[in-house]
Amino acid sequence: MTKHLNFERSIIESALNASTYEEAVAVARMIERHIGVRYQRPVGDRFNNYGLMASSGSYEYKALEPVTNGQDAVLERLAAAKWGDLSNVPYQSPAEAAEDLLGNLNYRQQADMVTVAFRESDPPTRSNKRLTIVYRDKGCGMEPAAIPNTIFALGSSHKTGSPWHQGAYGLGGASTYRNAKAIVLVTRRVPEMKPQNDRISVAVVLWEAHGKGQSAYYLVTSNWSPSKNVEPWSAPALAYPDFEPGTHLALISYGVEGFHRARSGDEMSFDMLLNTRLLEPVIPVRFTNEITRDKNEYLRGLTRRLSDNPSDERLSDEEDLLYTYHGVSYRLPVKYYIFPMDKGTRRRFVAKNHTLVFTSNGQVHHHWKPEYFRLRTGLNKLDKRIFVVVETDDLPIEMRTALFTPDRSQLLANEAALQLENQVADFLASWYKLVQINNQLIREAISSASSGRSSLDVGRRIATALKVRGFSLSGIGSSGGDRPAGSGGLRIRKKIETYPDPTTLEGPDKLIGEDGKVRSLEYVLNAVDDFLDSGRGTLTFQTDHPEIDPVRHIAIGRLRDGYLRVQIQIPEGATEGEFKLTAHLGAWQKISGGSGPAMSHVSTLVVVDEIPPRAGSGRGSGRKGADKGAQVAVIWMTPETYNNDWNNAIPGTVDEIEAMTLAQSRPEYKELENLGAQRIPTIVLNRTYTPYADYIATRAKSLTEDGARDAADRYAVGTGLGLLLLHEDLKRREKGKETPVDPEQIVISQQAVARSVLLMMPAFDTLVSEAGIED
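Please read these numbers as outputs of a predicted model, since none were measured by experiment.

Reading the values: the criteria
- Residues numbered from 1 in each chain as written.
- Predicted model: local features only at pLDDT ≥ 70, side-chain atom pairs only at ≥ 80, totals over all residues.
- Heavy atoms only, no water.
- Buried < 20%, exposed > 50% of the residue type's maximum accessible area, 1.4 Å probe, protein only.
- Helix = DSSP H or I, 4+ residues; strand = E, 2+ residues; numbered from the N terminus.
- Pairing = 2+ DSSP bridges.
- Axes fitted to C-alpha atoms, helices over the stretch in contact; angles between N-to-C directions.
- Contact = heavy atoms within 4.5 Å.
- Parallel < 35°, antiparallel > 145°, perpendicular 65-115°, else oblique.
- Nonpolar A, V, L, I, M, F, W, Y, C, P; charged D, E, K, R; others polar.
- Phe/Tyr/Trp six-rings, centres within 6.5 Å; stacked < 30°, edge-to-face > 60°.
- Lys NZ or Arg CZ within 6 Å of the ring centre and 35° of its normal.
- Polar contact = N/O pair within 3.5 Å; in protein donor to acceptor, adjacent residues only side chain to side chain.
- Expected span 1.5 Å × (residues − 1).
- pLDDT = per-residue confidence, 0-100.
- 1 Å grid on protein atoms, 1.4 Å probe; cavity = no way out; pocket = protein on both sides within 12 Å on 5 of 7 lines; lining within 4 Å.
- Points joined across faces, edges and corners; volume = space filled by probe spheres on them.
- Core = buried A, V, L, I, M, F, W, Y, C linked by side-chain atoms within 4.5 Å.

A. Structural context of the pairing of strand β8 (residues 246-255). The buried fraction of β8 amounts to 10 of the 10 residues, a majority that puts the element mostly inside the structure. As paired strands, strand β3 (residues 130-137) and β8 are joined by seven bridges and run antiparallel to one another. Its bridge partner being in β8, Val134 is matched across the sheet by Ala250. Taken together, the eight bridges between strand β4 (residues 180-188) and β8 define a ladder with antiparallel strand orientation. If you follow Val184 over to β8, its bridge partner there is Ala250.

B. Examining the sheet that holds strand β17 (residues 510-514) more closely. With mixed pairing, four strands are arranged side by side in an open sheet as β17-β25-β22-β19. Whereas interior strands pair on both sides, the edge strands pair on one side only; in this sheet they are β17 and β19 (539-543). The sheet shows a mean angle of 30° between the axes of neighbouring strands, direction not considered.

C. Molecular detail of the sheet that holds strand β11 (residues 315-325). Pairing in this open sheet of five strands is mixed, and the strands run β11-β12-β15-β13-β14 from one edge to the other. The open sheet terminates on both sides in strands that have one partner only, identified here as β11 and β14 (363-368). With strand direction ignored, the average angle separating the axes of adjacent strands in the sheet is 25°. Alignment of strand β13 (residues 356-360) against strand β15 (residues 386-391), held across four bridges, turns out to be parallel. The residue of β15 that forms the bridge with Thr359 is Glu391. Strand contacts of helix α10 (residues 370-377): β13, β14 and β15, with the helix running at about 65° to β14, the strand carrying the most contacts.

D. Molecular detail of the packing of α10 against helix α12 (residues 415-429). The N-to-C vectors of α10 and α12 enclose an angle of 75°; their axes lie 9 Å apart at closest approach. Between α10 and α12, the crossing angle belongs to the class labelled roughly perpendicular. Residue-level contacts link Tyr372, Phe373, Arg376 and Thr377 of α10 to Glu421, Asn422, Ala425, Leu428 and Ala429 of α12. Split by residue class, the contact of α10 with α12 holds five nonpolar, two polar and two charged.

E. Expanded view of the packing of aromatic side chains. One pass over the full model with this rule turns up 24 aromatic pairs. For the pair Trp83 and Tyr91, a centre-to-centre distance of 6.1 Å together with 80° between the ring planes defines the contact as edge-to-face. Plain terms: the ring middles of Tyr336 and Trp431 are 4.9 Å apart, the flat faces sit at 80° to each other, and that makes the pair edge-to-face. Of this pair, Tyr336 sits in strand β12 (residues 328-338) while Trp431 sits in the loop between α12 and α13 (432-446); the two residues are 95 residues apart in sequence, bridging distant segments of the chain. By relative accessible area, Trp431 is classed as buried at 3%. Feature note: the residues Phe118, Phe259, Phe270 and Phe287 constitute an aromatic cluster, connected by ring pairs. Above the face of the Tyr107 ring, Arg300 is positioned so that its terminal group lies 3.9 Å from the ring centre.

F. Region of interest: the pairing of β12. By the bridge criterion, 11 bridges tie β11 to β12 in an arrangement that is antiparallel. Looking across to β12, one finds that Ser316 is bridged to Tyr337. Counting the residues that bridge the hairpin from β11 to β12 gives two residues, and of these His326 lies at a positive phi of roughly 50°. Judged from the five bridges that link them, β12 and β15 form a sheet pairing that is antiparallel. Residue pairing for β15: Val334 is matched across the bridge by Val390.

G. The arrangement of unusual backbone geometry in detail. Even without a glycine there, the phi angle at Lys194 is positive, about 55°. Mapped onto the secondary structure, Lys194 falls in the loop between β4 and β5 (199-210). Take Lys194: its relative accessible area is 69%, and that puts it in the exposed class. Here the phi dihedral of Asn361 falls at roughly 55°; this positive angle occurs in a residue that is not glycine. Here Asn361 shows up in the loop between β13 and β14.

H. Molecular detail of the side chain of Arg77. Along the chain, Arg77 turns up in helix α4 (residues 65-83). At a separation of 3.3 Å, a polar atom in the side chain of Arg77 contacts the side chain of Glu192. Among residues more than four places away in sequence, those in contact with Arg77 are Lys138, Gly139, Cys140, Val190, Glu192 and Pro245.

I. Broad picture of α4. Helix length check: α4, at 19 residues, gives a terminal C-alpha distance of 26 Å against a target of 27 Å (1.5 Å per residue), a fit within 8%. Of all 19 residues making up α4, 14 are buried, and the element is well covered by its neighbours. Phi turns positive one or two residues past the end of α4, at Gly84, with a value near 75°.

J. Spotlight on the confidence of the model for the chain. The predicted model of the chain has a mean per-residue pLDDT of 85, with 86% of residues at 70 or higher. β15 holds the highest mean pLDDT among the elements of the chain, 97, whereas helix α7 (residues 125-128) holds the lowest, 71. Overall, residues 475-491 carries pLDDT values under 50, and its contacts beyond four positions in sequence, including any with other chains, amount to 56 contacts. Predicted confidence for residues 615-630 stays below pLDDT 50, and this span has 26 contacts to residues more than four positions away or in other chains.

K. Looking closely at the side chain of His165. Within the element layout of this structure, His165 appears in the loop between β3 and β4. Classification of His165 by relative accessible area gives buried; the value is 5%. In this structure the side chain of His165 is engaged in a polar contact, spanning 2.8 Å, whose partner is the side chain of Glu76. At 2.6 Å, the side chain of His165 forms a polar contact with the side chain of Ser162.

L. How the structure looks around empty space enclosed by the protein. Per the stated rule, a full pass over the model turns up six cavities of 30 Å³ or more. Quantified by volume, the largest cavity comes out at close to 90 Å³. Looking at the largest cavity, the residues that line it are Glu319, Ser430, Trp431, Tyr432, Lys433, Glu522, Arg558, Arg560, Tyr563, Leu564 and Arg565. Mapped onto the lining of the largest cavity, the elements with two or more residues apiece are α13 and β21 (563-569). Among the elements that make up the lining of the largest cavity, the one with the highest residue count is β21 (three residues). Partitioning the lining of the largest cavity into residue classes produces four nonpolar, one polar and six charged.

M. Looking closely at the nonpolar core. Leu75, Val116, Phe152 and Tyr177 are the most contacted members of the largest nonpolar core, which totals 56 residues. Setting aside its immediate chain neighbours within four residues, Phe152 contacts Val43, Gly44, Ile147, Tyr177, Leu185, Ala203, Val205 and Tyr218. In terms of nonpolar packing, the next biggest core, distinct from the first, is built from 44 residues, Ile635, Tyr689, Tyr692 and Val757 among them.

N. How the structure looks around the environment of Trp164. Tracing the sequence through the fold places Trp164 in the loop between β3 and β4. With a relative accessible area of 3%, Trp164 lands in the buried category. Between the alpha carbons of Trp164 and Ala98 there is a distance of 8.9 Å; along the sequence they are 66 residues apart. Every residue in contact with Trp164, bar those within four places of it in the chain, is listed here: Leu75, Glu76, Ala79, Leu86, Val89, Tyr91, Ser93, Pro94 and Ala97. Here Ser162 takes part through its side chain, which lies 3.1 Å from a polar atom of the side chain of Trp164.

Structure, rendered in structure tokens:
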């Protein structure tokens with residue numbers, strides 16, 4: 001009996017210590033020897049199951065799925081202890097469950113219940129990019145018979161109908177299996193869950209060729225068939241009583257691109273990724289990197305980390321986005337953080353490529369990369385400095401489940417997801433403070449640009465070429481997206497003098513609302529920022545439209561610099577016609593005491609079935625300065641001055657810059673000032689682009705100063721025209737939700753444009769030289 005227990009103990013101990021593929025195989029052989037026969041059962045009860053474990057998203061992100069499974073297991077254990085049968089648990093969210101069940105424990109005690117450790121596997125990890133990730137939770141654990149239908153099942157989950165579990169799809173954890181050479185599971189059911197027997201189960205998942213594909217399998221104690229639920233190997237808990245109830249899961253030799261080389265605090269490190277993607281984890285996580293011998297880290301999420309590390313240089317604000325779908329309105333909190341660029345602080349807080357994130361239950365389910373953020377919002381100077389959080393918890397859980405992929409890596413391609421991204425993009429593009437900061441950064445960058453009349457003429461030549469060829473630019477108006485007249489946007493924002501006691505309330509005289517859509521309006525209240533937040537005054541809205549409920553269909557933003565944004569939803573099928581929309585500031589408290597006078601502003605709300613598209617910007621009579629084909633600007637810059645991660649291999653880009661900003665920063669574009677907030681496609685050319693610099697250096701030997709400038713202008717016209725057409729094509733793809741273009745492919749396309757122009761330049765130079773044009 002003792003010998004038998006010792007062998008069982010040896011199996012469990014070897015499984016807990018397994019870090020390499022060979023050690024995992026050795027555990028499987030010990031199990032086979034103990035059973036006496038080799039019985040296999042495929043993961044998901046399907047052979048050739050490699051493809052069934054495929055899903056979108058990187059394996060770095062998938063490595064967080066076992067973490068959330070462990071957190072769910074801890075909540076399940078504590079809920080069973082408190083409520084008995086899990087059907088009695090009343091919680092409506094994981095956060096609510098965690099707050100009630102873990103409220104008496106400090107964060108370190110909580111984190112000790114869900115741990116992650118990195119171990120060396122197939123050393124050295126730094127060169128083969130493979131490591132072993134060990135997850136350990138002190139949660140509910142599993143009985144042997146439950147393992148095939150839970151952790152080794154594919155596509156089903158007992159959590160689907162449970163709002164207080166994070167898991168919902170039954171695929172997340174299994175999506176990690178195909179990236180590991182082996183998986184080692186050790187688990188023991190907790191007594192609170194009333195197991196039939198107190199046993200410790202051990203299973204080793206290995207891969208082998210099966211027919212035309214690969215299959216992941218584990219050993220079981222008897223012959224398996226699809227109609228027979230046979231169990232993996234287990235032993236009485238007496239064989240290894242030191243193993244506390246819960247689950248140990250090791251992903252052996254797991255291939256990753258970032259974890260193997262990233263130090264703690266690096267934007268590609270595991271701790272940074274977990275803190276970012278589990279923005280507000282329901283349970284903190286203790287992380288140990290045994291490879292670098294780093295001390296324990298207690299990971300509590302990025303929201304906590306930012307609050308624990310305040311900075312006067314980091315800007316932040318938040319407002320609710322009024323999101324409407326199928327006639328129902330939801331309020332989604334949107335918060336941004338802007339980090340100071342010169343110190344690179346965002347990289348010390350936020351995981352790589354996470355510029356904007358959509359969260360559910362505090363966990364990231366989809367994110368935008370910097371390039372996508374810049375394309376969608378037009379905030380081209382903030383993509384490497386900003387971090388935006390869009391919380392979707394106000395949406396019903398079944399709607400969130402239909403929005404995101406099962407592995408929580410991206411949005412699904414459906415109407416609701418498309419509408420959500422479009423509204424978020426417009427919301428950010430019309431956020432006054434963000435536009436103001438972006439414009440200031442642009443002014444700082446282009447004020448030192450090398451430009452002048454030559455670049456002005458180049459821009460006009462490009463605009464003329466576009467018109468001759470029948471192209472029109474889809475320029476962007478103010479306040480995010482093309483707007484018809486009277487849609488409510490204030491086109492030119494002037495500085496508002498604000499006071500502790502306001503004196504004016506202003507807004508649009510007329511606005512047009514489209515059936516089923518949300519419109520953003522801007523109002524001016526010349527009060528200090530905290531006037532409304534402090535409760536000294538309350539702004540309300542009323543309308544005589546019979547179907548618009550001010551509480552459900554109108555969202556009032558934050559007062560900032562005298563401006564505030566108001567969103568109004570026009571319900572689907574709303575009565576068309578003209579109605580009144582009244583903004584009212586009731587009696588308010590003066591800074592010196594007493595009540596201030598009430599103020600009101602009445603707007604005409606015109607509800608229509610559909611707003612006709614506005615004619616493209618840039619079409620003019622040619623009589624005024626700003627209409628002389630000048631809807632294209634050209635600026636020469638260098639990577640050092642433009643500061644948008646350029647290098648000498650990038651020929652340039654196209655940014656859309658407000659006309660007012662161009663006019664204030666560059667004297668040659670002063671004539672654009674009357675266009676206000678209209679965004680002008682601005683071709684920014686890299687003066688130090690290596691192929692161009694080499695060409696100019698060669699040609700300068702045989703050209704006069706004017707000839708060299710003319711050659712540069714010819715290059716600017718050809719390259720600028722190509723970059724502009726490429727930019728417009730990318731915008732059309734984005735609006736049509738075609739397959740997004742990879743950022744690296746965009747750079748390749750930009751290089752192809754510039755090289756094609758340079759390829760033709762020598763022949764043209766020879767032609768003009770022989771004709772004597774340069775002289």
